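Residue-level listing of the chains:
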Number of protein chains: 2
Amino acid sequence: MRRWKCLSSTDVVKDRWLRLSADRCELPSGLILDPYYVLHDAEWVHVMAMDAVGDILVVRQYRYAGNAVCTELPGGIVDAGEDVLIAAQRELAEETGYTAAKWDYVGWLFANPARQTNKVHLLLAQELSPSSSQALDASEDIEFEFLPMDYIQQAIETGHFSQALHVASFYRALNFLAMRRDASLTLRSIY
Amino acid sequence: MRRWKCLSSTDVVKDRWLRLSADRCELPSGLILDPYYVLHDAEWVHVMAMDAVGDILVVRQYRYAGNAVCTELPGGIVDAGEDVLIAAQRELAEETGYTAAKWDYVGWLFANPARQTNKVHLLLAQELSPSSSQALDASEDIEFEFLPMDYIQQAIETGHFSQALHVASFYRALNFLAMRRDASLTLRSIY
């Protein structure tokens, strides 16, 4: 499947909040699409932070475009030049005050590759400690709490954990944990 | 948790492809954010189409912003005034030529409520028939095939089924199917 060619790209908005370009694209068929809009977003990071009994640290904040209070995983934007792990540790600490002694990189997904350039990176954080208080921006108002996994699964069904990117990360982390359990069972059965 | 107030909203882009507004927002703390960008997207729909042996109908297409060929669920944009079920049936037929005799509405998720107004609606389609050939736009080049569920789960791990919104829908549909199985087991144990 052949790729599209970018013939030109003009920034429509470019400030500290958003970079939106209008591109002129040539498709393999020769068809020209103009404008084709692209959001040049920074990478994003989500943190699935799990305590010793398997409960998950969630945050709750008002989301303006959806006009809803959403329960989500901690996370945010990876700063320019910042390592994904460092960004995950920073966002977890800023939003909840927690640090973690054990980190796993679960993987990445495209946020929306039709229109956005960026990926969402997912990290699993374990061995948690409440190390400091939140360090929020003036525009942020974030509550946090630990919830059992089956409560989150119910909240997905009932629309209280309703942000698709975070639902993808939650299920993906569950899958990662299940595979690791399978792997450790396999190891146990060998030795 | 109190909501933000929209003091004014100015369209930066408004054409048939995109509506982006720059809003002036007042937060409960009194802080003013200006501009706060909002994408006023139409509703989106995803279809989890499952055949008689439990394989899933996936589509594959080039996604320009991510510069990648992505495997996804069939789906697209709900037209203005269109019923979500009708949109799902239309997108499935256009992208794959399949129709389904049995439809379930699984639920909705916000695409990204921090910046986008819209939701992604998920429908489960069963009792499939290949009814027609694809009916693609000139700009679309879409392949389709049936894949076993465990293959898709592996493809999520390896980055071949890599679009977060579709990963959310896939896992959510699995959950819906599992709950229905549990419900039917419960019913069986009662009668």
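Okay, so let's go over this structure. Because the structure is a prediction, the values reported are computed rather than measured. (Residues numbered from 1 in each chain as written. Chains lettered and ligands numbered in written order. Predicted model: local features only at pLDDT ≥ 70, side-chain atom pairs only at ≥ 80, totals over all residues. Heavy atoms only, no water.)

### Some words on the overall build of chain A
Tallying secondary structure elements over chain A gives 3 helices and 10 strands in all. Starting at the N terminus, the α and β elements of chain A follow one another as β-β-β-β-β-β-β-α-β-β-β-α-α. Across its three principal axes, chain A shows a C-alpha extent of roughly 60 × 50 × 35 Å. For chain A, buried positions account for 50% of its 191 residues. Taking the intrachain contacts of chain A between residues at least 6 apart in sequence as the baseline, contacts between residues at least 24 apart amount to 57%. Entry remark: accessible area of chain A is about 8900 Å², with carbon and sulfur atoms responsible for 52%. (Helix = DSSP H or I, 4+ residues; strand = E, 2+ residues; numbered from the N terminus. Buried < 20%, exposed > 50% of the residue type's maximum accessible area, 1.4 Å probe, protein only. Contact = heavy atoms within 4.5 Å. Areas by Shrake-Rupley, 256 points an atom, 1.4 Å probe, with all protein chains shown as cover.)

### Let's talk about the sheet that holds strand β8 (residues 98-110) of chain B
Residue and element names in this part refer to chain B. Pairing within the open sheet is mixed, and its 4 strands lie in the order β7-β4-β9-β8. The sheet is open, and its two borders are formed by β7 (75-77) and β8, each paired with just one other strand. With direction set aside, neighbouring strand axes in the sheet form an average angle of 20°. Bridge analysis of strand β4 (residues 44-49) against β7 gives 3 bridges, and the strand direction is antiparallel. Residue pairing in the sheet places Val45 in a bridge with Gly76 of β7. Packing of helix α1 (residues 84-96) onto the sheet brings it into contact with β4, β7, β8 and β9 (119-130), and relative to β8 it is tilted by some 120°. (Pairing = 2+ DSSP bridges. Axes fitted to C-alpha atoms, helices over the stretch in contact; angles between N-to-C directions.)

### Describing the packing of aromatic side chains
Counting across every chain of the model gives 19 aromatic pairs over all chains. A ring pair is formed by Trp108 of chain A and Phe110 of chain A, whose centres lie 5.1 Å apart and whose planes are at 75°; its orientation type is edge-to-face. A connected cluster of aromatic rings, assembled from ring pairs, spans Phe161, Phe170 and Tyr171 of chain A together with Phe161, Phe170 and Tyr171 of chain B. A cation sits over an aromatic face here: Lys119 of chain B above Trp108 of chain B, 5.0 Å from the ring centre. (Phe/Tyr/Trp six-rings, centres within 6.5 Å; stacked < 30°, edge-to-face > 60°. Lys NZ or Arg CZ within 6 Å of the ring centre and 35° of its normal.)

### Details of the interface of chain B and chain A
Contacts between the two partners involve 62 residues from chain B and, on the opposite side, 62 residues from chain A. With a closest N to O distance of 2.8 Å, Asp41 of chain B and Arg115 of chain A form a salt bridge. In this structure, the connection of chain B to chain A is made through 22 residue pairs in polar contact (both at pLDDT 80 or more). Of all elements in the fold, only β1 (5-14), β2 (19-26), β3 (32-39), β5 (56-63), β6 (68-72), β8, α2 (149-158) and α3 (164-190) of chain B reach the threshold of two or more residues within the side of chain B that touches chain A. Grouping the constituent residues of the side of chain B that touches chain A by class yields 39 nonpolar, 11 polar and 12 charged. (Salt bridge = Lys/Arg side-chain N within 4 Å of Asp/Glu carboxyl O. Polar contact = N/O pair within 3.5 Å; in protein donor to acceptor, adjacent residues only side chain to side chain. Nonpolar A, V, L, I, M, F, W, Y, C, P; charged D, E, K, R; others polar.)

### Structural notes on the pairing of β4 of chain B
Residue and element names in this part refer to chain B. Counting buried positions along β4 gives 6 out of 6 residues, so the element sits mostly inside the fold. Burial along β4 is two-sided: Trp44, His46 and Met48 facing one way and Val45, Val47 and Ala49 facing the other are all buried. Relative to β9, β4 runs parallel, the two being bridged by 6 bridges. Bridge pairing links His46 to Leu122 in β9.

### Description of the relation of the copies chain B and chain A
Between the two chain copies there is a screw-like relation: a rotation about an axis and a shift along it. Screw-axis analysis of chain B against chain A gives a translation of 0.0 Å along the axis, an RMSD of 0.0 Å, and a rotation angle of 180°. The transformation relating the two chain copies, once decomposed into turn and shift, fits a two-fold axis. It is Ala168 of chain B whose C-alpha, among those of chain B, lies nearest the rotation axis, at 2.0 Å. When the interface residues of chain B are mapped onto chain A, 100% of them again lie at the interface, so the same face is used by both copies. (Least-squares fit on C-alpha atoms with pLDDT ≥ 70 in both.)

### So, α2 of chain B
Residue and element names in this part refer to chain B. Of the positions making up α2, those classed as buried are Ile152, Ala155 and Ile156. The buried residues of α2 all sit within an arc of 105° when viewed along its axis, so they share a single face. What points out from α2, more than 90 degrees from its buried face, is the exposed set Asp150, Gln154 and Thr158. One or two residues past the end of α2 sits Gly159, with phi positive at roughly 90°. (Arc of directions from axis to C-beta.)

### Points about the pairing of strand β9 (residues 119-130) of chain A
The sheet contact formed by strand β8 (residues 98-110) of chain A and β9 of chain A spans 11 bridges and is antiparallel. Pairing of Tyr105 of chain A across the sheet is with Leu123 of chain A, part of β9 of chain A.

### So, the pattern of salt bridges
This model, assessed by the stated rule, comprises 24 salt bridges over all chains. The salt bridge partner of Glu157 of chain A is Arg172 of chain B, with a shortest N-O separation of 4.0 Å. Of the two residues, Glu157 of chain A is situated in helix α2 (residues 149-158) and Arg172 of chain B in helix α3; the pairing between them involves two chains. Since its relative accessible area comes to 2%, Arg172 of chain B is described here as buried. A single salt-bridge network, built from bridges that share partners, covers Asp79, Glu82, Arg90, Glu91 and Glu94 of chain A.

### Overview of the nonpolar core
Grouped together as the largest cluster of nonpolar side chains are 54 residues, with contacts concentrated most on Met48 and Phe161 of chain A together with Met48 and Phe161 of chain B. Met48 of chain B has contacts with Ile56, Leu73, Leu122, Leu123, Leu124, Ala125, Met149, Phe170, Ala173 and Leu174 of chain B, leaving out every residue within four places of it along the chain. (Core = buried A, V, L, I, M, F, W, Y, C linked by side-chain atoms within 4.5 Å.)

### With respect to the sheet that holds strand β7 (residues 75-77) of chain A
All names here are of chain A. The strand order across the open sheet built from 4 strands is β7-β4-β9-β8, with neighbouring strands paired in mixed fashion. The sheet is open, and its two borders are formed by β7 and β8, each paired with just one other strand. Strand-to-strand twist across the sheet, computed as the mean angle between neighbouring axes with direction ignored, equals 20°. Against the sheet, helix α1 (residues 84-96) contacts β4 (44-49), β7, β8 and β9, and its axis sits at roughly 120° relative to β8.

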